[in-house]
There are 2 protein chains.
Amino acid sequence: MRFRRSVLGNSEQKVYDLVIVGSGCAGLTAALYAARAGLKTVVLEKEVIGGQISLTATVENYPGFKEISGPELMRLFQEQAEAAGAEIQTAEVSAIEDLGDRKLVKTSSGDLEARAVIIATGSSPRQLGVKGEKELIGKGVAFCALCDGPIFTGKDVAVVGGGNSATKEAIYLTKMVNKVYLIHRRDKLRAEKSWQEKAFRNEKIEFIFDTVVEEVVGRDRLEKLVLKNLKTGKLSELRVDGVFIYIGLKPNTDFVNVKKNPNGTILTDECMRTSVPGIFAAGDCRDKCMRQIVTCVGEGATAAIQAYEYVEELRGKKT
Amino acid sequence: MRFRRSVLGNSEQKVYDLVIVGSGCAGLTAALYAARAGLKTVVLEKEVIGGQISLTATVENYPGFKEISGPELMRLFQEQAEAAGAEIQTAEVSAIEDLGDRKLVKTSSGDLEARAVIIATGSSPRQLGVKGEKELIGKGVAFCALCDGPIFTGKDVAVVGGGNSATKEAIYLTKMVNKVYLIHRRDKLRAEKSWQEKAFRNEKIEFIFDTVVEEVVGRDRLEKLVLKNLKTGKLSELRVDGVFIYIGLKPNTDFVNVKKNPNGTILTDECMRTSVPGIFAAGDCRDKCMRQIVTCVGEGATAAIQAYEYVEELRGKKT
């Protein structure tokens, strides 16, 4: 994968109409719409362009593409946003200062000034929070089948979770590993029916229901998991070379000073306006009804057009 | 274009989990999600599969496709929904009776029973409402450049309106016609900047601002338009062979008995629930912040998953 991007120049304060924080599907769609509307727009990304979707093996429910890999879809989004005139830069945002008609965006590579800001930072994988987990991240504990799956070719792995992500990634892993244990704390999956059916038909997947991981054990590499059956209370051990954790997401909103829910998701109205004028939010960092590519693109576009109208209004005030 | 669909069988009442009324981008995305979620789903369409987008020459702002024709994009949506298991049928819905846990969907080809219904009927072009217009529809008065443009190859036409549609379709028409007069009642366009710039650069387009059409004149075919300058009050005549009207849309919601705005758009919450349990709405028939493919797909998917949860809950009550 070739992701073109430049690093934000140091010690130089650039001025933009719109700064978009995050380059997932919401951020890149916002960039496409904002650039087409004539806003001088930059997208700031601290890690991988494409966000969560870039870590998704197969996307089957984005209309227009029967089946496409997450990274390939996000490459198309990126190319289209850049062709429309949006910049994409590497920088981690640490804070956004609201100076009224201007916002100061503080980043790891210097500050930027913007008339409007869209927060599209998405969310990050939740960890199990059990003994041994943190120490073994990258040594058998993983959060992305697409990224780390090939390391476990021919081996036995576990997937923890029961939603769409856990189920899809378990299926994906069977293409390379010997066996997948799908460990879920409930007695049935929460994934879409079509993914459940695919998983149940897959002979390489063994389901361990009503069960949680109590401990992750290993010296230099993961050796085994300690499991607990929630119905019987019984502990058992499961020897695996890898464990992929898909138990939900945490919104990346610590750095933003707008109204949020206790769980950290940003509160907006239906037009993506946050509690601070000129700051908008779109995508999985928002409090919302459904978290899907299709909802993120709509929110990104809506936030961009609202930002455009906000900036135009500021311009009107000045002249 | 090849649009596969069967006609709903007469005098036979079929039972579905979900009936989706309308096959535009909201309806087809809802069908994709509902079918994937395991709902027995039918989409009812009275006219052209793909709705308004099927009448759009060029789509440049649906992420994933730098440029694609509306009908081609909708063909991809349709194929994907059908591959997931959704049916698409020809029928015009005249009423939806709410029988509590069941809805009776009355159509031109017999009645259907459904547990849940999604209204995704979009909206239709508004007419000017001036003398001569109605009589000359199809005889020079048109609402779809893609459909009717080729009829005017080498001739002079007018486009009425100043938004995205009017501007885009004026540009599209220059590929075949001799000249396009863009008639707009204001002194500037409302279209996205990038479309405005393309239009201003196009030598075949002449702009007539501050002007409305007062009358459409012609015996068997359109001969000329009577124009009125709103600033001077002066009347003038413009000889054209065709006029394309792009002055907005009217929601297709007359047949639905749920809470609506005075303009006819359906009121929903953010999860696409209408005032009647089990009836959802998505897309341009809704009261909403922005009308774009990207917002329709998000709403269609959200309505489908809400309908799925509603139907699952009904099933739970029964057992």
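Just so it is clear, the model here is predicted, and its values are computed rather than measured.

## Things to note about the sheet that holds strand β12 (residues 205-208) of chain A
Residue and element names in this part refer to chain A.
Here is step 1 of the chain: The strand order across the open sheet formed by five strands is β9-β16-β10-β11-β12, and the pairing between neighbours is parallel. Looking along the sheet, the strands with just one partner apiece sit at the ends: β9 (141-142) and β12.
Here is step 2 of the chain: Pairing of strand β11 (residues 179-183) with β12, which is carried by four bridges, proceeds in the parallel orientation. Bridging from a neighbouring strand, Ile 183 pairs with Ile 208 of β12.
Here is step 3 of the chain: The sheet strands contacting helix α4 (residues 164-173) are β10 (156-160), β11, β12 and β16 (242-245), and the helix crosses β10 at an angle near 170 degrees.

## Brief notes about the confidence of the model for chain A
All names here are of chain A.
Here is step 1 of the chain: Summarising the model, chain A shows a mean pLDDT of 92, and 95% of its residues fall at 70 or more.
Here is step 2 of the chain: Contacts of residues 1-6 to residues separated by more than four positions or lying in other chains number 17 contacts, the stretch itself having pLDDT below 50.
Here is step 3 of the chain: The ipTM for the predicted assembly is 0.81, set against a pTM of 0.82.

## Digging into the interface of chain B and chain A
Here is step 1 of the chain: Every contact between the two is made by 39 residues of chain B and, on the other side, 39 residues of chain A.
Here is step 2 of the chain: Around 3,400 Å² of area is buried between chain B and chain A when both sides are counted, 56% of it from carbon and sulfur atoms.
Here is step 3 of the chain: Counting across the chain B and chain A interface gives 10 salt bridges.
Here is step 4 of the chain: The closest approach of N and O atoms between Arg 36 of chain A and Glu 192 of chain B, which form a salt bridge, is 3.1 Å.
Here is step 5 of the chain: Counting across the interface, chain B meets chain A through 24 residue pairs in polar contact (both at pLDDT 80 or more).
Here is step 6 of the chain: For the side of chain B that touches chain A, the secondary structure elements donating two or more residues are α1 (25-36), α2 (70-83), α5 (193-201) and α6 (293-318) of chain B.
Here is step 7 of the chain: Among the elements that line the side of chain B that touches chain A, the one with the most residues is α6 of chain B, at 10 residues.
Here is step 8 of the chain: The residue inventory of the side of chain B that touches chain A, partitioned by class, reads 18 nonpolar, 11 polar and 10 charged.

## A look at the environment of Val 159 of chain A
All names here are of chain A.
Here is step 1 of the chain: Locating Val 159 in the fold gives a position in strand β10.
Here is step 2 of the chain: Once the C-alpha coordinates of Val 159 and Val 180 are considered, the two residues, 21 residues apart in sequence, prove to be 6.9 Å apart.
Here is step 3 of the chain: Non-local contacts of Val 159, meaning those with residues more than four positions away in its chain, are made with Ala 166, Ala 170, Leu 173, Val 180, Tyr 181, Leu 182, Ile 183, Phe 244 and Tyr 246.

Cut-offs applied
Per chain, residues are indexed from 1 in the order of the written sequence. Note on labels: chains are lettered from A, ligands numbered from 1, in written order. At least 70 in pLDDT is required for a residue's local features to be given in this predicted model, at least 80 for side-chain atom pairs to be given and counted, and no such filter applies to totals for whole chains, interfaces and linings, which use all residues. Values shown for side chains rest on all heavy atoms present in the structure; no hydrogens or waters enter the calculation. We treat two strands as partners when DSSP finds at least two bridges between them. Runs of E in the DSSP output that reach at least two residues are strands. Runs of H or I that reach at least four are helices, and both are numbered from the N terminus. Residues are treated as being in contact if the distance between any of their heavy atoms lies within 4.5 Å. Structural elements are reduced to axes, namely lines fitted to C-alpha atoms, with helices fitted over the stretch in contact, and the angle between N-to-C directions of any two is expressed from 0 to 180 degrees. pLDDT is defined as a per-residue confidence score from the predictor, taking values between 0 and 100. Buried area, as used here, totals the accessible surface that two parts lose on assembly, with accessibility defined by a 1.4 Å probe and the loss added over both. Salt-bridge detection follows one rule: a side-chain nitrogen of Lys or Arg within 4 Å of a carboxyl oxygen of Asp or Glu. For this analysis, a polar contact is any N or O atom pair within 3.5 Å, provided that within protein one partner can donate a hydrogen and the other can accept it, and provided that sequence-adjacent residues contribute only side-chain to side-chain pairs. Under the convention adopted here, Pro, Cys and the residues Ala, Val, Leu, Ile, Met, Phe, Trp and Tyr are nonpolar, Asp, Glu, Lys and Arg are charged, and Gly plus all remaining residues are polar.

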